[in-house]
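Geometric and topological summary
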Amino acid sequence: MSAIENLLGGQLVDGRNQPVSVRSIAGSGKVVGLYFSAHWCPPCRNFTPKLAAFYKMLKSSRPGVFEVVFVSSDQDENQWRQYFAEMPWLALPFNDRNRKQAISSKYGVSGIPTLILLDGGSGEIVNENARSDVEQRPDGNGFPWRK
């Protein structure tokens, strides 16, 4: 089992709430973005469309290199579903609250929105403040902006 699989578990969900294997997004040469966000957070609601545009651009120009996983701080599943419907990427299942808490604690996430980029092979942090890079470099120049 890869480091990414150990972190995220075996399965994520897509926008249709269908299971997606974590193994499919992990691997050498790939970057996994952990997007900590919530429906009730105004700065998150502002950043999500910017990240979505960046994500679509990168998926088009560099297929298979980048995947984002929504790690929700929403307070109930209805909020999560409504907000996740606006996102083109994958999500940690809402009901996996223990894993969400463990991931947030592991990376010291205390504020949202937060975007952390991980090496898809090793699971090591590539960039712990990618939100600012997405905002400052929406063309993806220098991605994944290794720090």
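Residues numbered from 1 in each chain as written. Predicted model: local features only at pLDDT ≥ 70, side-chain atom pairs only at ≥ 80, totals over all residues. Heavy atoms only, no water.

Before going further, it helps to spend a moment on helix H2 (residues 42–61). In this model H2 runs 30 Å from its N-terminal to its C-terminal C-alpha over 20 residues, within 8% of the 28 Å that 1.5 Å per residue would give. For H2, every residue scored as buried is listed here: Cys44, Phe47, Thr48, Leu51, Ala52, Phe54, Tyr55 and Leu58. Close packing links the buried residues of H2 with strand E3 (31–37), strand E4 (66–72), helix H3 (77–84), strand E6 (114–119) and helix H5 (130–136). (Helix = DSSP H or I, 4+ residues; strand = E, 2+ residues; numbered from the N terminus. Expected span 1.5 Å × (residues − 1). Buried < 20%, exposed > 50% of the residue type's maximum accessible area, 1.4 Å probe, protein only. Contact = heavy atoms within 4.5 Å.)

What follows is about the pattern of salt bridges. Any two side chains of opposite charge can pair, on the condition that their charged atoms come close. Counted according to the given criterion, the structure contains nine salt bridges. The shortest N-O distance in the salt bridge between Asp96 and Arg99 comes to 3.1 Å. Arg99 sits in the partly exposed class, given a relative accessible area of 26%. Each of Lys50, Arg131 and Glu135 takes part in salt bridges that share partners, so that together they form one network. (Salt bridge = Lys/Arg side-chain N within 4 Å of Asp/Glu carboxyl O.)

This paragraph deals with the environment of Gln75. Structurally, Gln75 is set in the loop between E4 and H3. According to the relative accessible area criterion, Gln75 is exposed, its value standing at 64%. Taking the C-alpha atoms as reference points, Gln75 and Ala38, 37 residues apart in sequence, are found 8.4 Å from one another. With residues up to four places along the chain from it excluded, the contact list for Gln75 reads Trp40 and Phe94.

Take the side chain of Glu5 next. For Glu5, the location among the structural elements is in helix H1 (residues 3–8). Classification of Glu5 as buried rests on a relative accessible area of 8%. Excluding residues that lie within four positions of it along the chain, Glu5 makes contacts with Val22 and Arg23.

Here we take up unusual backbone geometry. In this model, Ile112 is joined to Pro113 through a cis peptide bond whose omega is 0 degrees. Relative to the helices and strands, Pro113 resides in the loop between helix H4 (97–106) and E6. The omega angle of the peptide bond from Phe143 to Pro144 is 15 degrees, so this bond is cis rather than trans. Structurally, the position occupied by Pro144 is in the segment after H5. Backbone geometry places Asn17, a non-glycine residue, at a positive phi of 65 degrees. With respect to the helices, strands and loops of the structure, Asn17 is situated in the loop between strand E1 (11–13) and strand E2 (19–21). The phi dihedral of Trp145 is positive, around 55 degrees, even though this residue is not glycine. The residue Trp145 is located in the segment after H5 in this model. In this structure Trp145 comes out as buried when scored by relative accessible area, which is 4%.

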